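Structural characterization, general
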Amino acid sequence: MEPTQHPNDKLTPSQKKAVLHKDGPLLVIAGPGSGKTRVITSRIAALIDSGVNPRNICAITFTNKAADEMRQRAFALGKAAGTHISTFHSLCVRILRQYANFAKINPNFSIYDSAEQSQCIKQAIKTCELDTTNFSPARMLEAVSTLKNKLITPEDFEKNSDDFFSNTLAKIYQHYQNILTENNALDFDDLLMKTAYLLEDNPDICQQLGDRYKFLLIDEYQDTNHAQYKIAKSIASTHNNICVTGDPDQSIYRWRGADIRNILAFETDYPNATVVKLEENFRSTPNILKTADKLIAKNQNRKIKSLIPTRPPGEDIAVEAFEDEKYEALAVADQIKNLEDKGAKLKDIAVFYRVNSASRVIEEAFVKNKVQYQIVRGVEFYSRKEIRDLLGYLKILVNPQDEVAFLRIINTPTRGIGKTTINKIAAYADSKNVTFYDALKNVDKIDSLSKAPKAKIAVFVNMIEQFKKDVGGNVGPIAEKIFTESGLENFLSTSKDQNALENVDELINAAHEYDKQTEQPSLLDYLQQISLFSDTDTYDKTKGAVSLMTLHAAKGLEFENVFIVGLEEGMLPHERAADNEDELEEERRLFFVGITRAKTRLFISYAKYRTIRGQFQRTSASPFLYELGISLTESTEENDYEYERSHDDTEFDHYDHPSPQTPQFAIGQLVRHKKFGLGRVIKFVDMGPDSLVEIKFNAGQTKTLMLKYAKLEKIE
DNA sequence: GGACTCTTGGTTTTT
DNA sequence: CCAAGAGTCC
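In every chain, residue numbers begin from 1 and rise along the written sequence. By the order in which they are written, chains take letters starting at A while ligands take numbers starting at 1. Where totals are concerned, whole chains, interfaces and linings use all residues; where local detail is concerned, this predicted model gives features only for residues with pLDDT of at least 70, and gives and counts side-chain atom pairs only at 80 or more. Heavy atoms from the whole structure form the basis of all side-chain values; hydrogens and water molecules are not counted.

Concerning the protein's contact with DNA strand C
Definition of nearness: a residue and a molecule or strand are near each other if at least one heavy atom of the residue lies within 4 Å of the molecule or strand. In the neighbourhood of DNA strand C, the contacting residues comprise Lys122, Arg360, Arg613 and Gly614. Counting only atoms of DNA strand C within 4 Å of the protein, the sugar-phosphate share comes to 90%. Each polar contact in these results corresponds to two N or O atoms within 3.5 Å; when the atoms are within protein, one needs to be able to donate a hydrogen and the other to accept it, and residues that are neighboring in sequence are counted only if both atoms are side-chain atoms. Take Lys122: an N or O atom from its side chain is 2.9 Å from a phosphate oxygen of DNA strand C. Residue Arg360 places a side-chain N or O atom 2.5 Å away from a phosphate oxygen belonging to DNA strand C. Note on residue classes: Ala, Val, Leu, Ile, Met, Phe, Trp, Tyr, Cys and Pro are nonpolar, Asp, Glu, Lys and Arg are charged, and everything else, Gly too, is polar. Considering only residue class, the surface near DNA strand C consists of no nonpolar, 1 polar and 3 charged.

Below, the structure written as structure tokens:
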């Protein structure tokens with residue numbers, strides 16, 4: 001993915017070994033910045049040079065973006081046309097459509113994303129007559145996803161559940177799956193699971209796919225889950241020409257079912273595997289690498305691997321503390337201005353954070369300071385309301401069973417078909433065991449409906465039937481026509497959201513673009529493709545703007561200058577990982593990924609106070625910071641940043657109810673802390689049980705502590 | 001039936 | 001703090 005240059009454009013002996021490897025399993029353990037992507041593309045070229053038909057090569061990447069880049073690079077090396085390069089999910093869609101009857105599915109399936117999944121799981125929970133407070137949709141969905149990634153079917157799971165929770169989950173899972181089937185829909189996990197079972201049940205299909213894809217290359221293998229592992233193994237089963245690359249230290253998708261054992265056990269799995277280690281790093285300065293290495297060495301569950309620097313020593317890494325998240329953000333903006341003065345380009349600068357919500361304060365600071373930026377995956381384009389609405393119309397034309405899509409658009413724009421009417425139709429469909437759309441078509445037979453709604457529905461059905469006649473051929477014109485004739489366009493032009501129309505225009509343009517670039521455009525193919533598209537894929541690395549993204553999204557990228565913000569306990573490591581050693585190690589790997597994205601300059605920072613869910617809270621520095629072996633510098637230039645603190649101290653001073661139980665501290669009071677020793681109080685913020693004391697310790701450091709935890713002893 | 005306000009509950013990361 | 005769902009009024 002990254003344009004890592006190797007000096008003299010020559011391959012190192014290890015790289016060469018991986019590139020020129022002939023038949024049989026190959027494991028490439030590649031550290032960050034080791035030229036891994038280059039090795040894969042060179043290997044594709046080398047295979048073709050040795051006489052392999054490009055059509056017989058299948059390369060699998062982690063994101064569509066990575067696939068695009070790899071395609072471009074492979075094509076640049078020549079002759080790669082015909083090579084299949086895509087993500088696991090895209091490959092699965094292709095396989096499932098081709099072998100739909102073997103997989104016992106309808107090839108016109110819709111692909112449900114998280115919003116649609118959420119609808120279905122809510123419905124499932126409701127059917128089970130359960131309370132959503134104890135069985136929250138998000139949790140259930142997560143549990144179901146985990147099961148699917150492990151290839152556990154509802155039936156299998158039901159058999160092995162013996163407690164209340166599992167039994168209930170089994171029921172919900174089964175219902176959820178039934179709902180998807182009724183809608184002729186697959187969720188992301190189904191794409192993998194159905195493919196895995198298709199291949200397991202049909203050795204002849206494995207054979208066919210093995211003949212088609214004689215050479216399988218999989219990137220980021222450390223982040224494959226069990227289903228993906230099985231799919232790869234099945235396709236390669238006839239020839240074992242499987243080449244996987246990855247770095248166990250960069251495994252950051254455990255929560256999504258990624259199983260690090262897949263890469264760790266590759267050699268036992270494929271006993272005659274050739275192993276190549278790429279430990280040289282062509283990306284970062286030795287300083288950055290030393291820091292990254294110190295951090296990752298703290299992980300217990302890991303295979304030791306070196307990071308061998310090849311670049312001359314660079315600048316020191318900056319680790320800074322700021323008063324709160326606003327100061328931190330302004331300092332980042334300020335520092336970026338400095339970098340620009342030194343000649344840095346905005347496109348070579350990135351800011352990483354742990355959670356998406358952390359982007360807001362950075363954005364505000366950037367807007368204020370006029371720093372151009374682009375967010376890599378902000379509000380996802382395809383999840384916008386207006387986009388979903390138009391896509392809803394398109395989806396039902398291809399898949400009339402898609403009730404979720406119907407419910408979305410039946411009254412958008414409003415056409416007088418309300419909740420009551422819809423409920424009556426749904427009840428009728430249930431009782432007659434027909435699809436929602438069949439019920440709509442037979443609206444005359446629904447006795448519970450009066451004349452007016454029946455007429456409105458007939459008009460709607462008629463409109464949909466008219467649209468159906470246009471399906472076939474190019475997608476752009478259909479999208480355009482439906483946008484106008486459905487009334488959506490008028491509806492949106494009166495909407496408050498100024499951007500809505502522009503967004504739809506963008507979608508229609510994208511559809512035209514698809515028509516241009518696709519040999520045989522079809523609405524079905526288009527819809528299935530964009531379902532797998534994420535906003536990360538639209539990121540433009542040549543744009544003159546700073547890139548803002550989560551640490552997860554940073555995987556596979558590199559930048560001259562990197563800022564990592566929010567190094568606080570609870571943020572990184574995230575609080576949800578706090579009590580689990582494995583998850584803590586994953587958080588450490590995440591930080592490791594962030595650090596190793598930096599080529600030349602790295603700025604790490606944290607805020608002493610942060611607003612979390614509207615609460616202004618004291619934080620403490622991330623334990624990871626102490627593992628880096630760098631001393632922390634406190635920002636002393638707070639006043640340089642023009643900003644009014646929203647919660648200033650006077651607000652606390654007027655706190656209404658000083659609690660009698662908590663002791664009061666006067667400025668200048670001498671105290672003893674059991675860890676930091678003697679010190680004097682320089683500030684006391686009375687907040688009842690949550691009171692804060694700032695103490696200047698004799699040892700030198702100044703700390704703000706929460707009184708209830710600090711266990712301070714007053715000294716006369 | 002639809003637009004509006006109010007309340008409640010939930011909050012990591014993504015194909 | 002924010003989004004989604006329930007409740008209220010026209």
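Details of the pairing of strand β6 (residues 215-218)
Throughout, exposure labels follow a simple rule: accessible area from a 1.4 Å probe, protein chains only, divided by the maximum for the residue type, with under 20% read as buried, over 50% as exposed, and the rest as partly exposed. In this text, helices come from DSSP runs of H or I with a minimum length of four residues, and strands from runs of E with a minimum of two, each type numbered from the N-terminal end. By the alternation rule, side chains of β6 split into Phe215 and Leu217 and Leu216 and Ile218, which are all buried. Alignment of strand β2 (residues 57-61) against β6, held across 4 bridges, turns out to be parallel. Its bridge partner lying in β6, Cys58 is registered against Leu216. DSSP bridges decide pairing: two strands pair if at least two such bridges lie between them. Taken together, the 3 bridges between β6 and strand β7 (residues 242-246) define a ladder with parallel strand orientation. Paired with Ile218 across the strands is Val244, a residue of β7. Handedness of a crossover: with both strands directed away from the viewer, a clockwise path from the first strand across the helix to the second marks it as right-handed. Where the polypeptide runs from β6 across helix α11 (residues 226-236) and back to β7, its parallel neighbour, the crossover connection is right-handed.

A word on the pattern of salt bridges
The working definition used for a salt bridge is a side-chain nitrogen of Lys or Arg within 4 Å of a carboxyl oxygen of Asp or Glu. One pass over the full model with this rule turns up 36 salt bridges. Measuring nitrogen to oxygen at the nearest pair gives 2.9 Å for the salt bridge that ties Arg302 to Asp249. With Arg302 in the loop between α14 (286-296) and β10 (308-309) and Asp249 in the loop between β7 and α12 (261-264), this residue pair connects regions lying 53 residues apart in the sequence. Between Glu513 and Lys516 there is a salt bridge, with the nearest N and O atoms lying 3.7 Å from each other. Linking Glu513 with Lys516, this pair stays in helix α24 (residues 499-517), spanning 3 residues, or about one helical turn. Each of Lys36, Asp219, Glu220, Asp223 and Lys555 takes part in salt bridges that share partners, so that together they form one network.

Thoughts on helix α22 (residues 476-485)
Turning to α22, its buried residues are Gly476, Ile478, Ala479, Ile482 and Phe483. One face of α22 carries all of its buried residues, which in axial projection span an arc of 165 degrees. Contact definition: two residues touch when any of their heavy atoms are within 4.5 Å. Turning to α22, the residues buried within the fold contact α17 (385-398), α21 (451-468), α23 (488-493) and α24. Downstream of α22 by a residue or two, Gly487 has a phi angle that is positive, lying close to 90 degrees. It is the directions from the helix axis to the C-beta atoms that the arc portrays.

As for helix α1 (residues 13-20)
All of the buried residues in α1 are Gln15, Ala18 and Val19. On an axial view of α1, the arc spanned by its buried residues comes to 100 degrees, and they lie on one face. Pointing more than 90 degrees away from the buried face of α1 are the exposed residues Pro13 and Leu20. Of the surrounding elements, those touching the buried residues of α1 are β1 (26-30), α2 (36-49) and β8 (274-278).

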